[in-house]
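Listed below, chain by chain, are the residues.
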Amino acid sequence: MINLSRREFGLALLASAAASTVGLSGCSKDGGAGQAAGQSNTWTIPTKDPTATIKLLSIEDKDAMQPVLDAFEKAHPTIKVQLQTVPFNSLNSTVDAHVTSKTGDPDVYWADQPRIAALASRGELENLAPFEKYKSDFDAATYTAGIYQDKLWALPIANSTQLLYYNVDLLHKAKLKAPSPSVDHRLTWEQLAADALQAKKAGAQNGMTFGQFDRYYQLECLPVQLGGSVGASGKDNLTPDFTSEPWIKAMQWYGSIFKSGAAPRGMTADQTDPAFLAGKVAYTVEGPWLLPSLQTSKVHWGVAPQPVFPGAKPVTAMGSWSLGMNPFSKNKEATAIFMKFMSIDDGSGYIKYRAAPELPATPAGKKIYFSKPGFDTPAGKNAQQIIDYETTHTGVARVKTIGYIEFETIMNQAFSDIRNGADPKKTLDTASQKLTTQWAKYK
Amino acid sequence: MTTASRLGSGLKARRHHRNRARRRQLFWTVIFLAPAVVALAVLRIAPTAQAIFSSLYKAFPGGLVPATFHGLGNYQTLFADPAFVHTVLLTLIFNLIINPVQILLALLVSVLLIQRVALAGVWRTFIFIPVTIPIVGSAVAWGAALNPQGPVNAILSAVGIGNQPFFTSPRQALASIMIVASWIGIGYWMLFLTSGLQAIPTELYEAARIDQAGPISTFFQITIPLLRRQLLFVLVADTVANFVLFVPVQLLTNGGPQSSTNLLMFDAYQQTYGYGSRNLGAAEVVILTVIMLVFVILQFRLLREEEVTE
């Protein structure tokens, strides 16, 4: 038996390595991405319907969407719509994978409004210049949500705002006066915290909750009320801007409500609505999506406008979903007709025909929305007035930046740390450093 | 033909024959090595090369905009960020504590259990059971156990120690992660050490007893030197495992509270998938690999030096 020398063994290793490299090069795919998309092809919103089947990617399931799609296909019989539903958490990765494959599938997709700038800059949205003439059909702020670098990239189909709901019985038990439903007589945040603590001491399981604890969407308004920025500034909003005095002050208040016990630590966003509906919370700051479930619950509820800091200007959260067009779509004209139906026709076909009410992005749509059941009770009427006022006057959009995903992730982590007792100033400073690192790739 | 030349041609023929045999053997060696080498190349070398390559580029998230060459810019960005420096230091501290502790405890348990303890096999099985549970399952179970309102706190307050915050406190979260990792780790490493201990000839211990050596000097004079190979394997493998520890952090703390458990491996994941900064993520993987290599090389040096002194 002949033994191989060390050198020969090495040679054998090398040979098999070479063989495997050949195999590897066969399966390695072209890493270099093609050129950026987004060059505007010439298309118009036609007056005569083409014949086409378009694909829609949404987070809404068939139950919610079928009545809307049926109404569309009835009005436009030559255009068929195929719905594909994905959960919210996988929407962004699905859009990224599908659009960059350049197959043109889906033709149109659900676009989260604060992510429109990122999607547009990545070349994953078609420019919607032919829709710019419909600007006046929308509430101004919702239309602006689709603008990036002075161009329109997405059409809003819904909007949101925030209200202060309270449990009448728990307030009564704590001998607290119900807050006024008038937008001119808002509670202050400090008063809310004090009242919530009093309600808790009188037996409420929780004094107050934010429907979405630790989320930028709901907390952005606190520093902005005090004159702070929306979280970023500078060119393209790529400079973190949340270490200023208003931000620190707002976050000190946020941290204090957990320290005093007015609000609970540990409760997550998906636990807050069920807790209020079960009568375990005295006050909750939450969107209009709580209204349908309140009507079927046993809670004796009332509603007031979202509080404000003393002497500050009222500011509330807003924003929701838009529709974006795939730049590689092969059916742009049919897609344009569908998008127009969803967001503009009849004040928004999406709002008009969907079963569960959702706050629209157009004044005409709001009329349809407020005519849905639930707004005819005294509390419902108060809610209607508040929603109407806030969406027109006090809404502030989430920061518009191509680096929104990193921004939101880091901010939400910082809010959660402050909630758990971290020093607000130190936490915001650290978050600012982290975000600077993340945003370096855009500069 | 002279005797010498005849001898020479015979030699040539034999050499020729031997060369052919060697070539054939080389051929088969290549064939048999190929699967392992291919696996190494595809699963280890290619991803590492790809990470190094990617760490030198800068790209938008998403796949439509082409990446541009960025040199060492990603590394500069990372080391200019105090949060990242904190992550590196935290990872080093974590490993400097958890590796010695795990190995010491594993050694202690295995030495104890090869003594004539009643039901030693049963005890050993109990300590090994955590290894057989998928790490996701044990992380979830520990998350529930160490919940501020969980059973561990119920026991602690019953014995008068009082409730502990565990994963919710920046002071205790990292230590809690160490407990979860060690609960699994100790049983696993114990297995290797026990087999090493059982391979030590009993005559040596008997001889030590005859020489009237005490248990402590027996341990240091006989057990440790003869267990060196297993100990070094466990040291290297444990170090690597703890440097790339991921599941408990991802499931239980997400790097928090206040970044107190933001270990390098988790941070690289977060960069890549959480923030879409895949080039920064690649740079972090390269840094982690380098740190790990330094530790492993040091440990191998330790082995070689001891071999020389032998």
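Predicted model, so just to flag it, every value in this text is computed and none were measured.

Some thoughts on the overall build of chain B
Inference 1: Helices and strands together make up the secondary structure of chain B, namely 13 helices and 2 strands.
Inference 2: In terms of C-alpha radius of gyration, chain B reaches 27 Å, well past the compact-globule figure of 19 Å for 310 residues.
Inference 3: With the principal axes as the frame, chain B shows a C-alpha extent of 100 × 75 × 35 Å.
Inference 4: Each of the 310 residues in chain B was classed as buried or not, and the buried ones make up 40%.
Inference 5: Considering only intrachain contacts with a sequence separation of at least 6, the fraction spanning at least 24 residues in chain B is 67%.
Inference 6: On chain B, roughly 17700 Å² of surface is accessible, and the fraction owed to carbon and sulfur atoms is 69%.

A look at the sheet that holds strand E14 (residues 321-325) of chain A
All names here are of chain A.
Inference 1: Spatial strand order, E2-E1-E3-E14-E6: 5 strands in an open sheet with mixed pairing. Every interior strand has two partners, whereas the edge strands, strand E2 (79-85) and strand E6 (154-156), have only one. Each neighbouring strand pair of the sheet contributes to a mean axis angle of 30°, computed without reference to strand direction.
Inference 2: For E6 and E14, the ladder comprises 3 bridges, and the chain directions are antiparallel. Pairing of Ala-154 across the sheet is with Gly-324, part of E14.
Inference 3: The strands touched by helix H2 (residues 62-75) within the sheet are strand E1 (52-58), E2 and strand E3 (108-112), with E2 carrying the most contacts at an inclination of about 170°.
Inference 4: Contacts from helix H3 (residues 88-100) reach E1, E2, E3 and E14, with the element oriented near 130° to E3.

Overview of the pairing of strand E11 (residues 281-286) of chain A
All names here are of chain A.
Inference 1: Within E11, 6 of the 6 residues are buried, which leaves the element mostly enclosed by the surrounding structure.
Inference 2: By the bridge criterion, 4 bridges tie strand E7 (residues 163-167) to E11 in an arrangement that is antiparallel. Note on E11: the bridge partner recorded for Tyr-166 is Tyr-283.
Inference 3: Here strand E8 (residues 206-210) runs beside E11; their pairing, made up of 4 bridges, is parallel. Following the sheet pairing, Phe-210 is matched in E11 by Val-285.

Here's the deal with helix H11 (residues 269-277) of chain A
All names here are of chain A.
Inference 1: Looking only at H11, the buried set comprises Ala-269, Thr-272, Asp-273, Ala-275 and Phe-276. Axial view of H11: buried residues confined to an arc of 160°, hence all on one face.
Inference 2: Residues of H11 that are buried in the fold lie against E7, E8, E11, helix H12 (291-296) and strand E12 (301-305).

What to know about the confidence of the model for chain B
Residues and elements named next belong to chain B.
Inference 1: Averaged over every residue, the pLDDT of chain B is 89; residues scoring 70 or more account for 95%.
Inference 2: Per-element confidence in chain B is highest for helix H2 (residues 73-79), whose mean pLDDT is 95, and lowest for helix H13 (residues 278-309), whose mean pLDDT is 85.
Inference 3: Complex prediction metrics read pTM 0.80 and ipTM 0.72.

Details of the environment of Leu-119 of chain A
Residues and elements named next belong to chain A.
Inference 1: Note that Leu-119 resides in helix H4 (residues 116-121).
Inference 2: Under the relative-accessibility criterion, Leu-119 is labelled buried at 6%.
Inference 3: Apart from the residues lying within four places of it in its own chain, the contact partners of Leu-119 are Val-95, Tyr-109, Ala-111, Glu-124 and Leu-125.

Side note on the packing of aromatic side chains
All names here are of chain A.
Inference 1: Enumeration according to the criterion identifies 47 aromatic pairs over all chains in this entry.
Inference 2: With a centroid separation of 5.8 Å and 80° between ring planes, the pair formed by Phe-88 and Trp-321 is classed as edge-to-face. Linking Phe-88 in helix H3 with Trp-321 in strand E14, this pair joins segments that are 233 residues apart in sequence.
Inference 3: In this structure Trp-321 comes out as buried when scored by relative accessible area, which is 11%.

Remarks on the pairing of E2 of chain A
All names here are of chain A.
Inference 1: Where E1 and E2 come together, 7 bridges link them in parallel fashion. Along E2, the bridge assignment pairs Thr-53 with Lys-80.
Inference 2: Traced from E1 through H2 to E2, the parallel crossover comes out right-handed.

Things to note about the packing of helix H3 (residues 82-114) of chain B against helix H7 (residues 173-198) of chain B
All names here are of chain B.
Inference 1: Running from amino to carboxyl end, H3 crosses H7 at an angle of 45°, the nearest separation of the two axes being 7 Å. Taken as axis vectors, H3 and H7 run oblique relative to one another. Of the two elements, H3 crosses H7, and the hand of that crossing is right-handed.
Inference 2: Of the residues belonging to the contact of H3 with H7, the class tally is 21 nonpolar, 6 polar and no charged.

Quick look at the sheet that holds E11 of chain A
Residues and elements named next belong to chain A.
Inference 1: Across the sheet, which stays open at both edges, the 4 strands sit in the order E8-E11-E7-E12 with mixed pairing between neighbours. Looking at which strands have only one partner, the edges of the open sheet turn out to be E8 and E12. Each strand axis lies, on average, 20° off the axis of its neighbour in the sheet, ignoring direction.
Inference 2: Pairing geometry for E7 and E12, over 5 bridges, is antiparallel. Across the sheet, residue Leu-163 finds its bridge partner in E12, namely Pro-305.
Inference 3: Lying on the sheet, H11 is in contact with E7, E8, E11 and E12; it crosses E11 at an angle near 135°.
Inference 4: Running at roughly 20° to E12, helix H16 (residues 378-393) makes contact with E7 and E12 of the sheet.

The rules we used
Residues numbered from 1 in each chain as written. Chains lettered and ligands numbered in written order. Predicted model: local features only at pLDDT ≥ 70, side-chain atom pairs only at ≥ 80, totals over all residues. Heavy atoms only, no water. Helix = DSSP H or I, 4+ residues; strand = E, 2+ residues; numbered from the N terminus. Rg over C-alpha atoms; globule rule 2.2 N^0.38 Å. Buried < 20%, exposed > 50% of the residue type's maximum accessible area, 1.4 Å probe, protein only. Contact = heavy atoms within 4.5 Å. Areas by Shrake-Rupley, 256 points an atom, 1.4 Å probe, with all protein chains shown as cover. Pairing = 2+ DSSP bridges. Axes fitted to C-alpha atoms, helices over the stretch in contact; angles between N-to-C directions. Arc of directions from axis to C-beta. pLDDT = per-residue confidence, 0-100. Phe/Tyr/Trp six-rings, centres within 6.5 Å; stacked < 30°, edge-to-face > 60°. Right-handed = clockwise from strand over helix to strand, strands pointing away. Parallel < 35°, antiparallel > 145°, perpendicular 65-115°, else oblique. Left-handed = near helix turned anticlockwise from the far one by under 90°. Nonpolar A, V, L, I, M, F, W, Y, C, P; charged D, E, K, R; others polar.

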